[in-house]
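If you want the building blocks of each chain, they are given just below.
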Amino acid sequence: MERLIEGYRRFRGGHWPEYRDLYKELSKGQKPPTLVIACSDSRVDPAVIFDAQPGEMFVVRNVANLVPPAEKGEGLHGTSAALEFAVRVLKVGMVLVLGHGDCGGVGAALKGMPLDDFEYLDDWIGLIAPALERLGDIDRFAPESKDMLEREAIKLSLDRLMTFPFVANAVGEGRLSLQGARFRVFDGRLEWLDKATGEFNRVA
Ligand SMILES: [Zn+2]
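Computed from a predicted structure; not experimentally measured.

## Considerations on the packing of helix α3 (residues 78-89) against helix α8 (residues 165-172)
Right, so step 1: With their axes 10 Å apart at the nearest point, α3 and α8 run at an angle of 35 degrees to one another. Considering how the two elements wind past one another, α3 and α8 form a crossing that is left-handed. Note on element contacts: α8 touches α3 through F166, V167 and A170, opposite L83, E84, V87 and R88.
Right, so step 2: Broken down by class, the residue content of the contact of α3 with α8 amounts to 5 nonpolar, no polar and 2 charged.

Here it is as structure tokens:
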């Protein structure tokens, strides 16, 4: 708790005075141009990576930056609700699925780690399974396999975004663009998905 209070005091002493006017303007309402779907991982903060100002990005973070398929039924759908709010109410122009290297969730899916003891993680991580199937017969313990699955899971989430009718409509009308990127924790590099080629290219 001490760390948090100290951090807040630094915020009040530095960030707040610098952005006071912006916050005042934003208190009338937000109009972020982008929704970022990122991992909950403590090392992958979209606002830090993109040097974003307050009000610039609407962010939903979950384990392994996954988009579930559009479905109703049992349970509550936090990521889907955030997506719906961003697209239908805030009318963002872009949804970015931001994956990352060294993702624990993707690693668990790759190695088929038993998650049966968990009440929620097992089903959630199971969302990655179709991405693993798409990769075919790979060596699950080779380091490059994890990179491949992290990238493939981003593509799968982009496909699943299109299962939401309000997303598909907005994309079809040219109001919304869907993008994928991957941040490498160990060297701070960003790869951006070229949707025409399916390749992730390092951002210069
Ligand atoms: Zn992660």
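## A short note on unusual backbone geometry
Right, so step 1: Positive phi, normally seen in glycine, also occurs at A64, with a value near 70 degrees.
Right, so step 2: With respect to the element layout, A64 can be found in the loop between β2 (57-62) and α3.
Right, so step 3: Classification of A64 as buried rests on a relative accessible area of 0%.
Right, so step 4: At K91, a position not held by glycine, the phi torsion is positive, near 55 degrees.
Right, so step 5: Within the fold, K91 resides in the loop between α3 and β3 (94-100).
Right, so step 6: Classification of K91 as exposed rests on a relative accessible area of 52%.

## Here's the deal with the environment of T34
Right, so step 1: When you line up the elements, T34 lands in strand β1 (residues 34-39).
Right, so step 2: Not counting chain neighbours up to four residues away, the residues in contact with T34 comprise E56, M57, F58, V92 and M94.

## Topic: the domain arrangement of the protein
Right, so step 1: Taken as a whole, the protein is organised into domain 1 (1-28) and domain 2 (31-202).
Right, so step 2: Taken over C-alpha atoms, the centre of domain 1 sits 29 Å from the centre of domain 2.

## What about the nonpolar core?
Right, so step 1: Counting residues in each nonpolar core, the largest one holds 24 residues, and the members touching the most others are L35, L83, V87, V95, L161 and V167.
Right, so step 2: When contributions to this core are tallied by element, the ones reaching two or more residues are β1, β2, α3, β3, α7 (143-161) and α8.
Right, so step 3: Ranked by residue count, the leading element in this core is α3, at 4 residues.
Right, so step 4: Those residues in contact with V87 that sit more than four places away from it in its chain are V92, V95, F166, V167, A170 and L176.
Right, so step 5: With 19 residues, the next largest nonpolar core counts L110, I125, I128 and A131 among its residues.

## A short note on the coordination of the zinc ion
By definition of the ideal shapes, four donors in a tetrahedron about a metal sit 109.5 degrees apart, and six donors in an octahedron sit 90 or 180 degrees apart.
Right, so step 1: Around the zinc ion, the donor atoms from the protein are C39 (SG), H100 (NE2) and C103 (SG), and they sit 2.0 to 2.2 Å away.
Right, so step 2: All donor residues of the zinc ion come from one chain, and their arrangement in sequence is C-x60-H-x2-C. The same class applies to H100 and to C103, which are both buried.

## With respect to a negative patch on the surface
Right, so step 1: Together, D116, D117, D122 and D123 make up a region of like negative charge exposed at the surface.
Right, so step 2: Looking at where D122 falls in the secondary structure, it is placed in helix α5 (residues 121-125).
Right, so step 3: On the accessibility criterion, D122 (34% relative accessible area) is partly exposed.

Parameters at a glance
- Residues numbered from 1 in each chain as written.
- Predicted model: local features only at pLDDT ≥ 70, side-chain atom pairs only at ≥ 80, totals over all residues.
- Heavy atoms only, no water.
- Axes fitted to C-alpha atoms, helices over the stretch in contact; angles between N-to-C directions.
- Helix = DSSP H or I, 4+ residues; strand = E, 2+ residues; numbered from the N terminus.
- Left-handed = near helix turned anticlockwise from the far one by under 90°.
- Contact = heavy atoms within 4.5 Å.
- Nonpolar A, V, L, I, M, F, W, Y, C, P; charged D, E, K, R; others polar.
- Buried < 20%, exposed > 50% of the residue type's maximum accessible area, 1.4 Å probe, protein only.
- Domains from an automatic or database assignment.
- Core = buried A, V, L, I, M, F, W, Y, C linked by side-chain atoms within 4.5 Å.
- Donors = N, O, S within 2.8 Å, 3.2 Å for Na, K, Ca; no water.
- Patch = residues over 30% accessible without salt bridge, like charges linked within 9 Å, V, L, I, M, F, W, Y side chains within 5 Å.
- Areas by Shrake-Rupley, 256 points an atom, 1.4 Å probe, with all protein chains shown as cover.
- Salt bridge = Lys/Arg side-chain N within 4 Å of Asp/Glu carboxyl O.
- Lys, Arg positive; Asp, Glu negative; His and termini not counted.
- Charge placed at Lys NZ, Arg CZ, Asp CG, Glu CD.

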